[in-house]
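# Remarks on the overall topology
Next come the chains, spelled out residue by residue.
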Amino acid sequence: MWYITIGIIALYITYRVCVSTVFPAINKRRLKKYQDDFFKKNPQIDRDKFRDLSNKK
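Only a predicted model underlies this, so the values are computations on that prediction, with no experimental measurement involved.

All right, on to the overall build of the protein chain then. Assigned secondary structure in the protein chain consists of two helices and zero strands. In the protein chain, buried positions account for 4% of the 57 residues. In the structure as shown, the protein chain presents an accessible area of about 5800 Å², 64% of it carried by carbon and sulfur atoms.

As structure tokens, this is what we get:
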């Protein structure tokens, strides 16, 4: 019974670590790749001006 409890706790800790560190890093990399592809397909859009507009709230 203790092995199951310890296993569940270990899985939960692994899940929390992945959610807080690994998944955001993967998402950031995918977003960067998507932005690079977007700007390659749309050369008429200036990347620097686009960043200026996106930072304003």
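Before going further, it helps to spend a moment on helix α1 (residues 2-41). Look at α1: 56 Å from first C-alpha to last across 40 residues, which is about the 58 Å you get at 1.5 Å a residue. Of all bends in α1, the biggest is about 45°, found at C18.

Next up on the list: the pattern of salt bridges. A pair can form between side chains of opposite charge whenever their charged atoms are brought close. The final tally for this structure, using the stated rule, is one salt bridge. The partner of D36 in a salt bridge is K32, with the nearest N and O atoms 3.4 Å apart. Here the residue D36 and the residue K32 both occupy positions in helix α1, the gap between them amounting to four residues, near one helical turn.

Conventions adopted
Residues numbered from 1 in each chain as written. Predicted model: local features only at pLDDT ≥ 70, side-chain atom pairs only at ≥ 80, totals over all residues. Heavy atoms only, no water. Helix = DSSP H or I, 4+ residues; strand = E, 2+ residues; numbered from the N terminus. Buried < 20%, exposed > 50% of the residue type's maximum accessible area, 1.4 Å probe, protein only. Areas by Shrake-Rupley, 256 points an atom, 1.4 Å probe, with all protein chains shown as cover. Expected span 1.5 Å × (residues − 1). Bend = angle between axes of the 7 residues up to and from the residue. Salt bridge = Lys/Arg side-chain N within 4 Å of Asp/Glu carboxyl O.

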